[in-house]
Amino acid sequence: SYDSLNPAISNYLSIIVLVCGTIGSTVARLLYPRVIKNEAVAMTLFLALALIPALGLLFLGEVNYIVILLLLAIVALLLGATTLFTMTYIAARYSRWGKGATVAGVMNCTASVGVVVANSLSPALADHFSWRIVSIVWIAMLALTLLLSVALVPIWTRFWKKQNQT
């Protein structure tokens with residue numbers, strides 16, 4: 001059981017998430033627009049990559065907490081990259097119509113609601129069920145987000161091409 005872990009691990013995890021999220025954004029800035037030109041494609045790619053270590057958390061079973069922290073760090077890095085696209089680059093596409101701030105506000109609002117729900121739901125699920133259930137819910141949410149992102153790619157690509165032509 002991981003209940004015997006030192007509570008300082010949660011502090012390490014908070015630091016890891018912040019640092020890796022920042023690194024993820026930096027990596028995304030290096031790849032976009034030089035390597036990946038389409039924001040929705042980039043976001044979908046990073047979401048798909050994040051699903052791999054997230055599934056590793058579920059299927060590895062009980063492993064050393066260092067492995068868990070490493071996998072969570074990779075997930076945080078990749079999700080940090082997706083955040084750059086949703087919060088910055090996609091919203092910026094609407095600036096030519098004076099709607100960039102509105103889109104950014106809506107995106108930030110939904111992200112904040114997601115954080116509040118996740119931070120409220122996760123401990124409750126862990127208390128009533130187990131951390132395995134929490135992992136399953138997180139992976140399901142990530143998979144749903146990935147599916148929505150995949151559905152967005154052709155729509156965004158048409159919008160992106162039309163915008164780049166004018």
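Residues numbered from 1 in each chain as written. Predicted model: local features only at pLDDT ≥ 70, side-chain atom pairs only at ≥ 80, totals over all residues. Heavy atoms only, no water.

Asks: An account of the overall build of the protein is needed here, citing residue identities and associated values.
Replies: Of regular secondary structure, the protein possesses five helices and zero strands. Overall, the protein shows an N-to-C arrangement of helices and strands of α-α-α-α-α. Projected onto its principal axes, the C-alpha positions of the protein cover 60 × 30 × 25 Å. Looking at the 166 residues of the protein, the share that counts as buried comes to 34%. Within the protein, contacts between residues at least 6 apart in sequence are counted, and of these 75% link residues at least 24 apart. Of the roughly 10,100 Å² that the protein leaves accessible, carbon and sulfur atoms contribute 72%. (Helix = DSSP H or I, 4+ residues; strand = E, 2+ residues; numbered from the N terminus. Buried < 20%, exposed > 50% of the residue type's maximum accessible area, 1.4 Å probe, protein only. Contact = heavy atoms within 4.5 Å. Areas by Shrake-Rupley, 256 points an atom, 1.4 Å probe, with all protein chains shown as cover.)

Asks: Would you mind going over a nonpolar patch on the surface in detail, with residue names and values included?
Replies: Together, I15, L18, V19, I23 and V27 give the surface a local cluster of nonpolar side chains, amounting to about 430 Å² of exposed area. Within the secondary structure, V19 sits in helix α1 (residues 8–31). Its relative accessible area of 44% is what places V19 among the partly exposed residues. (Patch = residues over 30% accessible without salt bridge, like charges linked within 9 Å, V, L, I, M, F, W, Y side chains within 5 Å. Salt bridge = Lys/Arg side-chain N within 4 Å of Asp/Glu carboxyl O.)

Asks: So what about the nonpolar core? Which residues, and what values?
Replies: Grouped burial of nonpolar side chains is what soluble globular proteins tend to show. In this structure, A28, F46, F85 and L142 are the most contacted members of the largest nonpolar core, which totals 24 residues. Every element with two or more residues in this core is listed here: α2 (39–59), α3 (65–92) and α5 (131–165). Sorting elements by how many residues they give to this core places α2 first, with nine residues. Each residue touching F46, except ones within four places of it in the same chain, is listed here: A28, L31, L78, A81, T82 and F85. (Core = buried A, V, L, I, M, F, W, Y, C linked by side-chain atoms within 4.5 Å.)

Asks: Kindly report on unusual backbone geometry, identifying the contributing residues and their values.
Replies: Going from Y32 to P33, the amide bond is cis rather than trans, its omega being 0 degrees. Along the polypeptide, P33 turns up in the loop between α1 and α2.

Asks: Now, about α1: what can you tell me, with residues and values included?
Replies: With 24 residues, α1 should cover 34 Å at 1.5 Å per step; its first-to-last C-alpha distance of 34 Å lies within 8% of that length. Within α1 the residues assigned to the buried category are I9, C20, G21, G24, S25 and A28. Among the structural elements, α2 and α3 are those in contact with the buried residues of α1. (Expected span 1.5 Å × (residues − 1).)

Asks: Can you lay out the side chain of S122 for me, pointing to particular residues and giving the numbers?
Replies: With respect to the helices, strands and loops of the structure, S122 is situated in helix α4 (residues 100–128). Owing to a relative accessible area of 8%, S122 belongs among the buried residues under this scheme. Looking at S122, its side chain comes within polar contact range of the main-chain oxygen of A118, at 2.8 Å. Among the polar contacts listed, one links the side chain of S122 to the side chain of W138, at a separation of 3.0 Å. Not counting chain neighbours up to four residues away, the residues in contact with S122 comprise V117, V134 and W138. (Polar contact = N/O pair within 3.5 Å; in protein donor to acceptor, adjacent residues only side chain to side chain.)

Asks: A description of α4 should follow, citing residues and the corresponding values.
Replies: Taking 1.5 Å as the rise per residue, α4 with 29 residues should run 42 Å; its terminal C-alpha atoms sit 42 Å apart, in good agreement. Buried within α4 are the following residues: G100, V103, A104, S122, L125 and A126. Looking at the packing, one finds that the buried side of α4 touches α3 and α5.

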